[in-house]
Amino acid sequence: MREIKVFVPGKIIIAGEHAVVYQKLALATSIGLGVKVRVTSSSKTEEIKNDEKGLIKAAVEIAGGIDKVSVFVESQLPIGSGLGSSAALAAAVIKGVKEFLGSTITDDELFQMTFEVEKIAHGNASGIDPATVIYRGLIAYRKGEPFERLKIKTPIKLLLINSGKPQESTKEMVELVGANPNKISIIDKVEKVVLLIKERLVAGESIQDQLDENGLLLEELGVVGEKAKQISSLLRAIGCGVKITGAGGVKSGSGMMIVVCPDYSKAKKLLDNRGIKYFETEIGEV
Ligand code: MEV
């Protein structure tokens, strides 16, 4: 049976999530893990039955594949944990269905369609997730403007920690920020620190303190839960810079966190002793 296979990577937001919804600059990079999709010709679309948020169905529909294709999904990304699972899933399904039906699709067309589908998961979305997973690499993004591709001198090591799956959807977290009466002043501070991180990244300088400042501003915005705050203060006490990446969550987990440290062996020991799992990765590696 004829089939098309597509891989789309996930992403991490280095700085500026939530503020980016309000036209502020944010920085993000694609990562090695992602979503694999296989499209075949049978019309019984099993995956659509397990399509909690209706994303797969919406993606198949926008790509013109309803009743024409079957879609099978294999995701390496924890769902709803800040690594761009919704955008990667939607983009992979749209690309796979389009290719299966014999049409070519440019990255710009794929971005527009994925952005439409992603609004189901994000509500008032900025488009940073689809932009990062489709155009790939390290980008500076402002809603409604062409993105800027960044080159950095020295790759920056970081740890990725999972603080637990958020109970809330990205849409709910975006709405929570919308209801914060102090959001405008906090978001202005976020943008200042994001601009500094961009300069320092490009110059090959440490971003640890600025990343931490962004992390504390996200706590002020009200998107960081107790568990993530506890992990953050333990890591801050040994000199690391810590922030959540993505929409966050407050009822239970806050999804993925990124950590930059002066001494990684100390940080890893601390995490190992408390049974907190982490991955090591690099910005600039993709
Ligand atoms: C989610 O990865 C990033 C948010 O800023 C939402 C968005 O920009 O669409 C929370």
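Residues numbered from 1 in each chain as written. Predicted model: local features only at pLDDT ≥ 70, side-chain atom pairs only at ≥ 80, totals over all residues. Heavy atoms only, no water.

Peer 1: Explain the overall build of the chain here, please?
Peer 2: On a plain count of helices and strands, the chain comes out with 10 helices and nine strands. The globule rule puts the C-alpha radius of gyration for 286 residues at 19 Å, and the 19 Å found for the chain is close to it. In terms of principal-axis extent, the alpha carbons of the chain reach across some 55 × 40 × 40 Å. Looking at the chain as a whole, 55% of its 286 residues qualify as buried. (Helix = DSSP H or I, 4+ residues; strand = E, 2+ residues; numbered from the N terminus. Rg over C-alpha atoms; globule rule 2.2 N^0.38 Å. Buried < 20%, exposed > 50% of the residue type's maximum accessible area, 1.4 Å probe, protein only.)

Peer 1: Got a minute to help me understand helix α4 (residues 107-122) in this structure?
Peer 2: Residues spaced three or four apart along an α-helix point in a common direction, a consequence of the helix completing one turn every 3.6 residues. Along α4, the sharpest kink reaches roughly 30 degrees, centred on Glu116. Regarding α4, the residues found buried are Leu110, Phe111, Met113, Thr114, Phe115, Val117, Glu118, Ala121 and His122. Buried residues belonging to α4 abut α2 (55-62), α3 (85-100), α5 (128-135), β4 (138-141) and α6 (170-178). A positive phi of about 65 degrees marks Gly123, the residue just after α4. (Bend = angle between axes of the 7 residues up to and from the residue. Contact = heavy atoms within 4.5 Å.)

Peer 1: Help me understand the sheet that holds strand β9 (residues 278-283), please; the structure alone is not making it clear to me.
Peer 2: Hydrogen bonds between backbone groups are what pair the strands of a sheet, and the pairing can be parallel or antiparallel. Strands sit in the order β7-β8-β6-β9 across an open sheet of four strands; the sheet is antiparallel. Edge positions in the open sheet fall to β7 (241-244) and β9, since each of these has one partner strand only. Neighbour-to-neighbour, the strand axes of this sheet turn through a mean angle of 30 degrees, independent of strand direction. Where strand β6 (residues 156-162) meets β9, six bridges bridge the pair, whose relative direction is antiparallel. Paired with Leu158 across the two strands is Thr281, which belongs to β9. Lying over the sheet, helix α8 (residues 208-221) contacts β7 and β8 (256-260), oriented at roughly 40 degrees with respect to β7. (Pairing = 2+ DSSP bridges. Axes fitted to C-alpha atoms, helices over the stretch in contact; angles between N-to-C directions.)

Peer 1: Is there a simple way to think about the packing of aromatic side chains in this case?
Peer 2: For any two aromatic rings, the description comes down to two numbers: the centre-to-centre distance and the angle of the planes. Counting across every chain of the model gives three aromatic pairs. Taking the centre distance of 6.0 Å and the plane angle of 40 degrees together, the rings of Phe111 and Tyr135 count as tilted. Linking Phe111 in helix α4 with Tyr135 in helix α5, this pair joins segments that are 24 residues apart in sequence. Pair check on accessibility: Phe111 and Tyr135 agree, each one buried. Grouped by ring-pair contacts, the aromatic residues Phe111, Phe115, Tyr135 and Phe147 constitute a single cluster. The lysine or arginine in question, Arg2, covers the ring of Phe100, its NZ or CZ lying 4.3 Å from the ring centre. Its end group placed over the ring of Phe115, Lys119 keeps NZ or CZ at 4.6 Å from the ring centre. (Phe/Tyr/Trp six-rings, centres within 6.5 Å; stacked < 30°, edge-to-face > 60°. Lys NZ or Arg CZ within 6 Å of the ring centre and 35° of its normal.)

Peer 1: It is not clear to me how the packing of α8 against helix α9 (residues 226-237) should be interpreted in this structure. Could you clarify?
Peer 2: Helix packing geometry: the angle between the two helix axes and the distance between the axes. At a minimum axis distance of 12 Å, the contact between α8 and α9 shows a crossing angle of 150 degrees. The angle between the axes of α8 and α9 places the two elements in the roughly antiparallel class. Crossing angle aside, the handedness with which α8 passes α9 is left-handed. Two secondary-structure elements touch here, α8 through Asp212, Gly215, Leu216 and Glu219 and α9 through Lys229, Ser232 and Arg236. Residues belonging to the contact of α8 with α9 are distributed by class as follows: one nonpolar, two polar and four charged. (Parallel < 35°, antiparallel > 145°, perpendicular 65-115°, else oblique. Left-handed = near helix turned anticlockwise from the far one by under 90°. Nonpolar A, V, L, I, M, F, W, Y, C, P; charged D, E, K, R; others polar.)

Peer 1: It is not clear to me how α2 should be interpreted in this structure. Could you clarify?
Peer 2: Burial in α2 covers these residues: Leu55, Ile56, Ala58, Ala59 and Val60. Just past α2, the residue Gly64 takes up positive phi, approximately 80 degrees.

Peer 1: How should I be thinking about unusual backbone geometry in this particular structure?
Peer 2: One non-glycine residue, His18, lies in positive phi territory at about 70 degrees. Mapped onto the secondary structure, His18 falls in the loop between β1 (3-15) and β2 (26-40). Looking at His18, the relative accessible area reads 6%, which means it is buried.

Peer 1: Teacher, can you tell me more about the site of the ligand here?
Peer 2: Around the ligand sit 13 residues in total, of which Lys11, His18, His122, Ser126 and Asp129 are the nearest. His122 places a polar side-chain atom, nitrogen or oxygen, 3.2 Å from an oxygen atom of the ligand. When the free accessible area of the ligand is taken as 300 Å², the share hidden by the protein chains comes to 99%. Elements with a minimum of two residues in the shell around the ligand: β1 and α5. (Near = heavy atom within 4 Å. Polar contact = N/O pair within 3.5 Å; in protein donor to acceptor, adjacent residues only side chain to side chain. Areas by Shrake-Rupley, 256 points an atom, 1.4 Å probe, with all protein chains shown as cover.)

Peer 1: Can you walk me through the packing of α3 against α4 in this structure?
Peer 2: Relative orientation of the contacting elements α3 and α4 amounts to 135 degrees, with a least axis distance of 9 Å. Judged on the interaxial angle alone, α4 and α3 are oblique. For the crossing formed where α3 meets α4, the hand is right-handed. Two secondary-structure elements touch here, α3 through Ser86, Ala87, Ala90, Ala91, Ile94, Lys95 and Lys98 and α4 through Leu110, Met113, Thr114, Val117, Glu118 and Ala121. In terms of residue class, the contact of α3 with α4 is made up of eight nonpolar, two polar and three charged.

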